[in-house]
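Here's the letter readout for the chains.
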Amino acid sequence: MTMKRVSHVALTAIVGAVLATASSAGIAQKGQWLHYGGNDYSNNRFSDLTQINADNVHKLKVAWIHSLGTLESQESTPLVVGDTMYVTSSTGPRYVFALDARTGKTKWVHQPEMPNDFFATVCCGLDNRGVAYANGKVFFGRLDAKLVALDANTGRRLWTVTVENYRNGHAITSPPLVYKNLVVTGIAGGEYGIRGFVAAYDQDTGEQVWKTYTIPGPGEPGNETWRGDTWKTGAASTWGVGSYDPKLNTVYWATSNAGPWGGHERSIDSSDFYPYTNLWTASQLAFDADTGEIKWGYQYTPNDVWDYDGINEAVLHDLRIGGRTVPVLMHADRNGFFYVLNRQTGKLISADPFVTVNWATHVDLKTGRPVEAANNEKRPQLGKWARNVCPNLIGGKNWSPMSYNPNTGLVYLPAFNMCMDIANKEEEYTPGRFYLASEFDLSKAGATGEHLAMMMAWDPIKKKEVWSIKEPLMFASGAMSTAGNLLFYGNVEGTLKAVNARSGKVLWEFDVGTGILQSPITYTVGGKQYLAVVAGRVKGPPSFFGQIGQRVIDASPEGGVLVVFSL
């Protein structure tokens, strides 16, 4: 399924990259934050730092503050390399900052020159989730679907490549994945009828090395799962982040909803839709890291008609299951099930509901397929409403990342308690315009109380909730846990919390003044540990949620700020 492949990655580059990876691992042990998901490629958002711990966290004070200069939703994860912090703003990004990680003093600022109309074809907020760092370079994607490399020391632009045409709905909202001498990016646009892909570029030159489409075309395995030519506009975008296993030399990326949301165009308008499963939408894919060839795929929601966008991050770890150590991939899906897969083979190990789920009764462990509710009751159809479907299309969990703590053996994940009414409708595809073929009422609280969100501790081996903290409004932020027996997260009111990772007891709170979406990070400089959080309340998505969305907007003012704490 690799549509374009350039096999010129030299052995010398690979050897050099291996040495760079080893060097990065050494730096990581000294308390840096080198990747979007933490100190390695696994996306576990866990730090082994202990200077700030459950006994002294109540003594945290603000060390410094930096304005991000924009007011759209702030979703960036800062990176810390040596004594320098790299962080982006929203809206393009409008700015990329390099800051002194001790003081917040600006080292350099890069301001991309964006086209005047880039915002016209971006769904759900003008966000940017940060940069990637490798080999003295900073890489980031833009909302006009360009990928950029900067000199990490000076901010000088080294190269820019056009990944796709943004006017057709393509955009890049999340940071790329860097390994060896490659920088790999996904693409957004699932609401615009694009055909998703993952693409790799040479870090030094920006030359494309491989590009793999997530929807198979004619003659490729899986194309038969699409009716007619609907694969051309079938979405399966890759707007989330990737993970990487150096030992298996495998990249993991998940895919979005099928396009359009209404399935009557691309499949059979019924729960009896086989063979039209629409591969590889709402799926987990594993790619050969050097060539982009798809090694295996697992579909979370076959023939998705609920917008159960499957892009949530893959967290990689080795777990003791059934008396043996298994290389696993953990994923909390929008469809409400928590999945554990064997990341070497793609085989399903477990799939269990972590929120209220009524669109399906369970996931069959033999076939790997969800078993839908009887009589199409919870499946939207053309002109027929499915009522009180749980979870809502915002998901059991959305993009805000979870954290796995190997000391507690628990996953900490921001979850939602929301349901919806949804139906299919007729709609024609027009490039660069929303292509949903769906109508919906999303302003419905869930079945388990008045709270709309929660921070949950989940045991992936015992497959059950251990504790949770209920949040009255939607959008608990991403999670970050530490070896100091701490979990950090925030909420839409702007409250940053430190929690005992084992018991769930809140130990410390601080109001940053605007809503928090992304998880905090922690790092050390000069032997001192710091905690950093980017804040700026969510702006785009609440408009879909009626009165509940208005409550989210009213909970805190717009903002754009980076706040750093220390003892």
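Here's what I pulled together on the structure shown here. Worth saying up front: this structure is predicted, and the values here are computed from it rather than measured.

### Some details on the overall build of the chain
- Summing up its helical and strand segments, the chain has two helices and 39 strands in all.
- For a compact globule of 567 residues, the expected C-alpha radius of gyration is about 24 Å, and the chain comes in at 22 Å, within 12% of that figure.
- Summarising its shape, the C-alpha atoms of the chain cover approximately 60 × 55 × 55 Å along the three principal directions.
- In the chain, buried positions account for 66% of the 567 residues.
- Counting contacts in the chain only where the partners sit at least 6 residues apart, residues at least 24 apart contribute 62% of the total.

### Overview of the layout of surface pockets
- Size it by volume and the second largest pocket reaches roughly 260 Å³.
- Taken together, 15 residues form the lining of the second largest pocket, with Tyr 298, Gln 299, Thr 367, Gly 368 and Arg 369 sitting closest to its centre.
- When residues of the lining of the second largest pocket are assigned to their parent elements, the largest contribution, three residues, is made by strand β19 (residues 294–299).
- Here the lining of the second largest pocket is composed, by residue class, of seven nonpolar, five polar and three charged.

### Considerations on the sheet that holds strand β2 (residues 46–47)
- Spatial strand order, β2-β33-β34-β35-β36: five strands in an open sheet with mixed pairing. With partners counted over all chains shown, the strands left at the sheet margins are β2 and β36 (506–511), one partner each.
- The pairing of β2 with strand β33 (residues 480–482) spans two bridges and is parallel. Its bridge partner being in β33, Phe 46 is matched across the sheet by Ser 481.

### Notes on the packing of aromatic side chains
- Summed over all chains, the structure comprises 30 aromatic pairs.
- On the numbers, 5.4 Å between centres and 65° between planes, the contact of Tyr 429 with Tyr 435 is edge-to-face.
- Positioned over the ring face of Trp 399 is Arg 129, at 4.7 Å from the centre of the ring.
- The side chain of Lys 211 reaches across the aromatic face of Phe 197, ending 4.1 Å from its centre.

### Let's talk about empty space enclosed by the protein
- Applying the stated criterion to the full structure yields five cavities of 30 Å³ or more.
- Here the largest cavity defines a volume of roughly 530 Å³.
- Residues that form the lining of the largest cavity fall into these classes: 18 nonpolar, nine polar and seven charged.
- By volume, the second largest cavity amounts to about 140 Å³.
- Sorting the residues of the lining of the second largest cavity by element identifies β8 (132–134) and β12 (177–179) as the ones contributing at least two each.
- Considered class by class, the residues forming the lining of the second largest cavity number 11 nonpolar, four polar and one charged.

### Side note on the nonpolar core
- Membership of the largest hydrophobic core comes to 92 residues, with the highest contact counts inside it found for Met 330, Phe 338, Phe 354, Leu 413, Met 474 and Phe 475.
- Setting aside chain neighbours within four positions, we find Phe 475 in contact with Ile 394, Phe 416, Ala 453, Asn 491, Val 492, Ile 516, Leu 517, Val 538, Pro 541 and Val 552.
- In this structure, Leu 34, Leu 150, Phe 488 and Trp 508 belong to the second largest nonpolar core, which totals 47 residues.

### Quick notes on the state of the cysteines
- Evaluated as defined, the whole model comprises two disulfides.
- Here the bonded cysteines of the chain are numbered in sequence order, and their pairing is 1-2, 3-4.

### Quick word on the sheet that holds strand β37 (residues 521–525)
- Read from one edge to the other, the open sheet built from four strands follows the order β3-β39-β38-β37, with strand pairing classed as antiparallel. Of all strands in the sheet, those bounded by a partner on one side alone are β3 (61–67) and β37. Here the average twist between neighbouring strands, direction ignored, is 25°.
- The pairing of strand β38 (residues 528–535) with strand β39 (residues 561–566) spans six bridges and is classified as antiparallel.

### Some points on the pattern of salt bridges
- Enumeration over the complete set of coordinates arrives at 21 salt bridges.
- Here Glu 72 ties to Lys 539 by a salt bridge, and the two come within 3.4 Å at their closest N and O atoms. Within this pair, whereas Glu 72 is found in the loop between β3 and β4 (79–81), its partner Lys 539 is found in the loop between β38 and α2 (546–554), the two being separated by 467 residues in sequence.
- Judged by relative accessible area, which is 16%, Glu 72 ranks as buried.
- For Arg 343, the salt bridge is made with Asp 318, and the minimal N-O distance between the two is 2.9 Å. With Arg 343 in the loop between β22 (337–342) and β23 (348–353) and Asp 318 in strand β20 (residues 315–321), this residue pair connects regions lying 25 residues apart in the sequence.
- One connected set of salt bridges, linked through shared partners, spans Glu 72, Lys 539 and Glu 558.

### With respect to the pairing of β23
- In this structure, β22 lies alongside β23, joined through five bridges in antiparallel fashion. Its bridge partner lying in β23, Tyr 339 is registered against Ala 351.
- Once β22 ends, the chain turns through five residues before running back antiparallel as β23, passing Gly 346 with a positive phi of about 85°.

Criteria and cut-off values
Residues numbered from 1 in each chain as written. Predicted model: local features only at pLDDT ≥ 70, side-chain atom pairs only at ≥ 80, totals over all residues. Heavy atoms only, no water. Helix = DSSP H or I, 4+ residues; strand = E, 2+ residues; numbered from the N terminus. Rg over C-alpha atoms; globule rule 2.2 N^0.38 Å. Buried < 20%, exposed > 50% of the residue type's maximum accessible area, 1.4 Å probe, protein only. Contact = heavy atoms within 4.5 Å. 1 Å grid on protein atoms, 1.4 Å probe; cavity = no way out; pocket = protein on both sides within 12 Å on 5 of 7 lines; lining within 4 Å. Points joined across faces, edges and corners; volume = space filled by probe spheres on them. Nonpolar A, V, L, I, M, F, W, Y, C, P; charged D, E, K, R; others polar. Pairing = 2+ DSSP bridges. Phe/Tyr/Trp six-rings, centres within 6.5 Å; stacked < 30°, edge-to-face > 60°. Lys NZ or Arg CZ within 6 Å of the ring centre and 35° of its normal. Core = buried A, V, L, I, M, F, W, Y, C linked by side-chain atoms within 4.5 Å. Disulfide = S-S within 2.5 Å. Axes fitted to C-alpha atoms, helices over the stretch in contact; angles between N-to-C directions. Salt bridge = Lys/Arg side-chain N within 4 Å of Asp/Glu carboxyl O.

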